[in-house]
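Fold and contact review
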Amino acid sequence: MNSLGGGIMDILTAQQLKDRLEESGIYSARGNITMSLNGTSVLIKATDTIGNNIQEWLSQWLFENNIYFRSPDNTQNFPDFYLSENENSGFLEVKSYFAPRRPAFDVANFDSYWQSIRDNPTRLDADYLIFAYDLINGALSIRQIYLKKVWEITGRATDYPLNCQRKNGQIYNIRPISFHSIQATILPFTCKGEFIAALYKTVLGHTNRATDTKQWLKQVIQGYMEHSDEDLTPSINKYLHS
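To start, this report covers the structure provided alongside it. (Residues numbered from 1 in each chain as written. Predicted model: local features only at pLDDT ≥ 70, side-chain atom pairs only at ≥ 80, totals over all residues. Heavy atoms only, no water.)

Glancing now at the sheet that holds strand β11 (residues 170-174). Reading across the sheet, the three strands line up as β7-β11-β10 and stay open at both edges, with antiparallel pairing between neighbours. Across the chains shown, the open sheet's two edge strands, defined by having one partner strand only, are β7 (108-109) and β10 (164-167). (Pairing = 2+ DSSP bridges. Helix = DSSP H or I, 4+ residues; strand = E, 2+ residues; numbered from the N terminus.)

If you want it as structure tokens, here you go:
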């Protein structure tokens with residue numbers, strides 16, 4: 001429990017938060033999103049803004065249910081929410097996608113991600129709370145909630161070691177694969193080491209600077225070891241040379 005602003009708040013893990021959401025009956029709930037301006041209201045039927053709306057709704061739900069959370073000073077920065085008072089743990093990213101389609105949200109900006117884990121390797125342990133939603137004529141419902149680590153929602157692309165959004169040969173964002181589908185032909189990475197190995201190969205191809213990329217990988221491994229006492233070297237090497 002934690003006292004914040006005079007109230008007693010629960011400090012939950014991401015798994016406990018997901019459990020609370022499901023216990024609240026979210027799968028049977030129905031809602032909608034409207035916009036009102038200058039005396040005119042409209043029911044939102046397009047999916048373009050639903051992800052941001054769900055994140056805003058979640059912050060209000062957490063507040064109303066006395067669950068501890070906080071946002072970074074710059075809301076554009078990682079993570080979406082902290083579930084812990086510790087600056088190096090309790091990272092929660094909130095993602096959404098239209099359930100009838102394959103997931104296509106941005107896991108992270110590619111350049112920002114690979115550069116940031118050099119300085120903050122515990123970002124690798126962030127939890128991703130993912131809402132698969134339906135929107136039918138403006139009626140919003142949640143079909144499924146997933147709680148995943150970054151390597152559990154990412155995988156290789158057909159011609160690349162890591163699935164990313166690419167435009168004119170330039171990498172922009174890390175994108176998920178169909179992690180939820182039992183019929184998917186490309187499966188998620190099996191562990192953190194496999195994800196980092198794929199990220200390393202992608203950074204190397206992106207920058208074409210072998211010495212700098214090897215130094216980056218060394219810094220990620222050392223930094224993660226300092227924070228977690230886990231040496232990722234054997235796991236990464238297994239997939240670097242496979």
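On to the pattern of salt bridges. Side chains bearing opposite charge may pair, as long as their charged atoms lie close to each other. Taken as a whole and assessed by the stated rule, the structure comprises 11 salt bridges. When the shortest N-O distance is used, the salt bridge between K192 and D125 registers 2.9 Å. Linking K192 in helix α5 (residues 192-207) with D125 in the loop between α3 (110-119) and β8 (127-136), this pair joins segments that are 67 residues apart in sequence. The exposure class of K192 is buried, given its relative accessible area of 10%. Residue classification places D125 among the partly exposed positions, given a relative accessible area of 27%. For D134, the salt bridge is made with R143, and the minimal N-O distance between the two is 2.8 Å. By relative accessible area, R143 is classed as partly exposed at 45%. (Salt bridge = Lys/Arg side-chain N within 4 Å of Asp/Glu carboxyl O. Buried < 20%, exposed > 50% of the residue type's maximum accessible area, 1.4 Å probe, protein only.)

Attention now moves to the nonpolar core. Counting residues in hydrophobic clusters, the biggest one holds 43 residues, and the most contacted among them are Y113, F195 and L199. Dropping the residues within four chain positions of it, F195 is found in contact with Y113, L124, V150, W151, T154, L162 and F189. In this structure, I26, I50, L58 and L62 belong to the second largest nonpolar core, which totals 26 residues. (Core = buried A, V, L, I, M, F, W, Y, C linked by side-chain atoms within 4.5 Å. Contact = heavy atoms within 4.5 Å.)

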